[in-house]
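So you can see what is in the structure, the chains are spelled out below.
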Amino acid sequence: MANLNRFDFNLLLALDTLLSERSVTRAADRLCVTQPALSGSLQRLRQHFDDPLLLRVGREMELTPKARALIEPVRTALLHINAALETQAIFDPGTSERTFRVAMSDYCVHVYLPKVVRILAARAPQLRLMIENVFGPSFSRLEGGDIDMVITHGDRSLFGREGRDVDLLTADLFTDSFVCVVARDHPIGETMTKDDYLSYPHALAFFGANVRTVEEAEIERRGIVIKELLHVPTFAGLLQMLPGTEMIATVQSKLAEQLADTDKVRLLRPPINLGTLQETLIWHNRSDDDPGHIWLREVLKEAAAELG
């Protein structure tokens, strides 16, 4: 603790920004201070850590090994400080104007989010909910404090995160099954066979090179190869691509029931078992005891229960 008395905590935010931007000019712009002022802060940081921290290599600045080692602990310290400053002993949803940022798929936006919004409109009319698409970096954004929660499939290995995220906590929300969708006039009969599934081209939702859907993970596990003819960035968008084609799309049953135009498409049982989709709420443990987070998590669970 003696080191705390020797460190100016006003420098902590400057250090975090310098480590992130790797540029005095960009860091000064981001902090809304002059470049000479930030250069002075950098000099004091160099003296404290007895390390140059940033070194010019050609036209770029690079972090020293010491600086790279500081990135995570400095960011974590700032996040915990910010969480402590935001935490209130009592959270009043009726008057709170707090903003919560949540990442989820378009599937959840269509099927699940309306139930959440209706509860918030009745109980927390001034609370702001900012929704963004869930994708590979969402977990890093959660760890970094850029978002508050992620709602996605419980198997985080689909995002290349297997064996990681020890600081993340989870709660199951709701489950769903899968259905294959084809154009109304598709040559496939009333029952789709495995040969049908393998013979016709597929349209798939694609969320980035390091992200797999539940369908992709299951057919990969089975050693099955399908003809991928089309990738689109949303699950809902798949349903619009099928009329006039012989493509097959596999989507969540609740989404198909809600959005599929049965005058244009048909819903068929998949010929292979694709398992169950488990949508899960994920948050960082630094927010676990935050009264506002606790209240919103209960709302999210309540809305999920309405889905059955």
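This structure is a prediction, so every number in the text was calculated from the model and none was measured.

1. Brief notes about the overall build of the protein chain
Here's step 1: Along the backbone of the protein chain there are 13 helices and twelve strands.
Here's step 2: Projected onto its principal axes, the C-alpha positions of the protein chain cover 75 × 50 × 30 Å.
Here's step 3: Looking at the protein chain residue by residue over its 308 residues, the buried ones come to 48%.
Here's step 4: Across the protein chain, contacts joining residues at least 24 apart in sequence account for 75% of those joining residues at least 6 apart.
Here's step 5: Carbon together with sulfur atoms contributes 50% to the accessible area of the protein chain, which is approximately 16100 Å² in total.
Here's step 6: For the protein chain, the distance from the average site of its 34 positive side-chain charges to the average site of its 43 negative ones is 4 Å.

2. A short note on the sheet that holds strand 7 (residues 178-183)
Here's step 1: On the basis of which strands lie adjacent, the open sheet formed by five strands has the order 9-8-10-7-11 and mixed pairing. Both outer strands of the open sheet, strand 9 (227-232) and strand 11 (265-268), are each paired with one neighbouring strand and no more. Strand-to-strand, the axes of this sheet are offset by a mean angle of 35 degrees, without reference to chain direction.
Here's step 2: Note that strand 7 and strand 10 (residues 248-252) share four bridges and pair antiparallel. Of the residues in strand 10, the one forming a bridge with valine 181 is alanine 249.
Here's step 3: In the packing of helix 10 (residues 214-221) onto the sheet, contacts are made with strand 7, strand 8 (201-205) and strand 10, and the angle to strand 8 comes to roughly 130 degrees.

3. Description of the pattern of salt bridges
Any two side chains of opposite charge can pair, so long as their charged atoms come close to each other.
Here's step 1: Inspection of the entire model under this criterion finds 15 salt bridges.
Here's step 2: Between glutamate 302 and arginine 123 there is a salt bridge, and its shortest N-O distance comes to 2.6 Å. Taken together, the residues span a long stretch of sequence, with glutamate 302 in helix 13 (residues 291-307) and arginine 123 in helix 7 (residues 113-123) at a distance of 179 residues.
Here's step 3: A relative accessible area of 39% means that arginine 123 is categorised as partly exposed.
Here's step 4: Arginine 221 is the partner of glutamate 218 in a salt bridge, and the nearest nitrogen-oxygen pair spans 2.7 Å. Of this pair, glutamate 218 and arginine 221 both sit in helix 10, three residues apart, which is roughly one turn of the helix.

4. Details of the packing of aromatic side chains
Here's step 1: Per the stated rule, a full pass over the model turns up five aromatic pairs.
Here's step 2: Consider the rings of phenylalanine 91 and tryptophan 295, whose centres lie 5.7 Å apart with planes at 45 degrees: the pair is tilted. Here tryptophan 295 lies in helix 13 and phenylalanine 91 lies in the loop between helix 5 (65-86) and strand 3 (99-104), a separation of 204 residues in the sequence.
Here's step 3: A relative accessible area of 15% places phenylalanine 91 in the buried class.
Here's step 4: A relative accessible area of 19% places tryptophan 295 in the buried class.

5. Section: the nonpolar core
Here's step 1: Counting 73 residues, the largest nonpolar core has Tyr112 and Ile151 as its most contacted members.
Here's step 2: With seven residues, the top contributor of residues to this core is helix 13.
Here's step 3: Not counting residues up to four positions away in its chain, the partners in contact with isoleucine 151 are Val102, Ala103, Met104, Ser105, Cys108, Tyr112, Leu173, Glu279, Thr280, Leu281 and Leu300.
Here's step 4: Counting residues in hydrophobic clusters, the runner-up holds 20 residues, among them Ala28, Leu42, Ala67 and Leu70.

6. So, the packing of helix 7 against helix 13
Here's step 1: At their nearest, the axes of helix 7 and helix 13 sit 9 Å apart, and the two run at 130 degrees to each other. For the element pair helix 7 / helix 13, the angle class is oblique. Along this stretch, helix 7 crosses helix 13, giving a crossing that reads as right-handed. Facing Lys115, Val116, Ile119, Leu120 and Arg123 of helix 7, the residues of helix 13 in contact are Trp295, Leu296, Val299, Leu300, Glu302, Ala303, Glu306 and Leu307.
Here's step 2: Looking at side-chain class alone, the contact of helix 7 with helix 13 contains nine nonpolar, no polar and four charged residues.

7. Considerations on the sheet that holds strand 12 (residues 277-284)
Here's step 1: The five strands are arranged 4-3-5-12-6 in an open sheet whose pairing can be described as mixed. Since the sheet does not close on itself, it has two edges, and those belong to strand 4 (128-133) and strand 6 (168-176), each with one partner. With strand direction ignored, the average angle separating the axes of adjacent strands in the sheet is 20 degrees.
Here's step 2: Bridging between strand 5 (residues 149-153) and strand 12 involves five bridges; their strand directions are antiparallel. From the neighbouring strand, valine 150 faces strand 12, where its bridge partner is isoleucine 282.
Here's step 3: Those strands touched by helix 13 are strand 3, strand 4, strand 5, strand 6 and strand 12, and its axis lies near 20 degrees from that of strand 6.

8. Remarks on the packing of helix 2 (residues 10-21) against helix 4 (residues 35-49)
Here's step 1: Where helix 2 contacts helix 4, the axes come no closer than 10 Å and their chain directions differ by 95 degrees. In this view, helix 2 runs roughly perpendicular relative to helix 4, as classed from their interaxial angle. Counted together, Leu11, Ala14, Leu15 and Leu18 of helix 2 and Leu38, Ser41, Leu42, Arg44, Leu45 and Phe49 of helix 4 form the full contact between these two elements.
Here's step 2: For the contact of helix 2 with helix 4, a count of residues per class yields eight nonpolar, one polar and one charged.

Here is what the cut-offs are and how they apply
- Residues numbered from 1 in each chain as written.
- Predicted model: local features only at pLDDT ≥ 70, side-chain atom pairs only at ≥ 80, totals over all residues.
- Heavy atoms only, no water.
- Helix = DSSP H or I, 4+ residues; strand = E, 2+ residues; numbered from the N terminus.
- Buried < 20%, exposed > 50% of the residue type's maximum accessible area, 1.4 Å probe, protein only.
- Contact = heavy atoms within 4.5 Å.
- Areas by Shrake-Rupley, 256 points an atom, 1.4 Å probe, with all protein chains shown as cover.
- Lys, Arg positive; Asp, Glu negative; His and termini not counted.
- Charge placed at Lys NZ, Arg CZ, Asp CG, Glu CD.
- Pairing = 2+ DSSP bridges.
- Axes fitted to C-alpha atoms, helices over the stretch in contact; angles between N-to-C directions.
- Salt bridge = Lys/Arg side-chain N within 4 Å of Asp/Glu carboxyl O.
- Phe/Tyr/Trp six-rings, centres within 6.5 Å; stacked < 30°, edge-to-face > 60°.
- Core = buried A, V, L, I, M, F, W, Y, C linked by side-chain atoms within 4.5 Å.
- Parallel < 35°, antiparallel > 145°, perpendicular 65-115°, else oblique.
- Left-handed = near helix turned anticlockwise from the far one by under 90°.
- Nonpolar A, V, L, I, M, F, W, Y, C, P; charged D, E, K, R; others polar.

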